[in-house]
Amino acid sequence: MIEVRNVTKQFASHTAVNNVSLSVARGETLVLLGTSGCGKTTTLKMMNRLIEPSGGSILIDGIDVRRESGPELRRRIGYVIQDGGLFPHYTVAEAIATVPKLLGWEPSAILERTRELMAKLQLPETALNRYPAELSGGQRQRVGLARALAARPPVVLMDEPFGALDPFTRRHVRRELFGLSELKETTVVLVTHDVSEALELADRIALMNQGSIVQIGPPDELLHNPATDFVKDFLDLY
Ligand SMILES: Nc1ncnc2c1ncn2[C@@H]1O[C@H](COP(=O)(O)OP(=O)(O)OP(=O)(O)O)[C@@H](O)[C@H]1O
């Protein structure tokens, strides 16, 4: 469960996020949708302390994220970015093992979990010793997700996770990933500017404009009861 309370982020004189409040229930997928530069990524990165808010507070499972250091917090929260965000000099096996290793898992448990995720994500075992440059974009994306899910984090943050893929692969990987039973139990916050992606994946959508949330609700509500002309026009693009 994530609670964002009156969060603001100021970069010099520019207010990137302006008094945003929202909550995400356990197991829910919330999509942050909006035009380029409206503050989606900044909002997401404040949830795992890659960016510190200028005001307000963020709680995960009732605990203020500032009670832990950024690195500690990020071991508990999965994070997926465009193109997987993999280190070029880590093999697939090393990438997936990163967080379990930091948490002190036994090597045999890490290997078992890695094999399980590879199978679920339809990655061939022969890819285990390959480097990101030796994978396709879709495979890199799936390895990025496997890495984020490896230690079974209750919360996963995703920033344009399918942005680097062509439309066909994008749809395919998207369906595959969101069909995973383990993702159904995970609280997910996903950033996109793609309306069809938001409508397909979201339990609820938070539509942002110029640092503020204009409307938050289930996709149907935004489609059929748009709060403003901006919401109507934005979804009309679909
Ligand atoms: N480190 C920074 N310093 C100054 N301004 C920043 C910084 N990071 C973001 N901004 C500004 O804050 C605003 C919000 O940026 P943010 O990355 O959150 O937008 P976004 O909605 O995720 O956009 P996009 O879809 O293009 O990634 C933008 O105007 C951006 O230029």
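That block above? That's the structure.
What comes next concerns the included structure. Quick caveat: nothing in here was measured; it's all calculated off a predicted structure.

**Regarding the sheet that holds strand β10 (residues 212–217)**
- Reading across the sheet, the six strands line up as β6-β7-β8-β3-β9-β10 and stay open at both edges, with mixed pairing between neighbours. Whereas interior strands pair on both sides, the edge strands pair on one side only; in this sheet they are β6 (77–81) and β10. Strand after strand, the sheet turns through a mean of 15 degrees between neighbouring axes, direction not considered.
- Alignment of strand β3 (residues 29–34) against strand β9 (residues 204–209), held across five bridges, turns out to be parallel. When the sheet's bridge partners are listed, Leu32 is paired in β9 with Ala206.
- Against the sheet, helix α10 (residues 229–236) contacts β3, β9 and β10, and its axis sits at roughly 110 degrees relative to β9.

**So, the site of the ligand**
- Around the ligand, the surrounding shell consists of Phe11, His14, Ala16, Thr35, Ser36, Gly37, Cys38, Gly39, Lys40, Thr41 and Thr42.
- At 2.7 Å from an oxygen atom of the ligand is found a side-chain nitrogen or oxygen belonging to Thr41.
- Computed on the free molecule, the ligand has an accessible area of 640 Å², of which 58% lies beneath the protein chains in the complex.
- Breaking the shell around the ligand down by element, the ones donating at least two residues are β2 (14–24) and α1 (40–47).
- For the shell around the ligand, the leading source of residues is α1, giving three residues.
- Looking at side-chain class alone, the shell around the ligand contains three nonpolar, seven polar and one charged residues.

Rules of the game
- Residues numbered from 1 in each chain as written.
- Predicted model: local features only at pLDDT ≥ 70, side-chain atom pairs only at ≥ 80, totals over all residues.
- Heavy atoms only, no water.
- Pairing = 2+ DSSP bridges.
- Helix = DSSP H or I, 4+ residues; strand = E, 2+ residues; numbered from the N terminus.
- Axes fitted to C-alpha atoms, helices over the stretch in contact; angles between N-to-C directions.
- Contact = heavy atoms within 4.5 Å.
- Near = heavy atom within 4 Å.
- Polar contact = N/O pair within 3.5 Å; in protein donor to acceptor, adjacent residues only side chain to side chain.
- Areas by Shrake-Rupley, 256 points an atom, 1.4 Å probe, with all protein chains shown as cover.
- Nonpolar A, V, L, I, M, F, W, Y, C, P; charged D, E, K, R; others polar.

The values are spatial; any link to function lies outside them.
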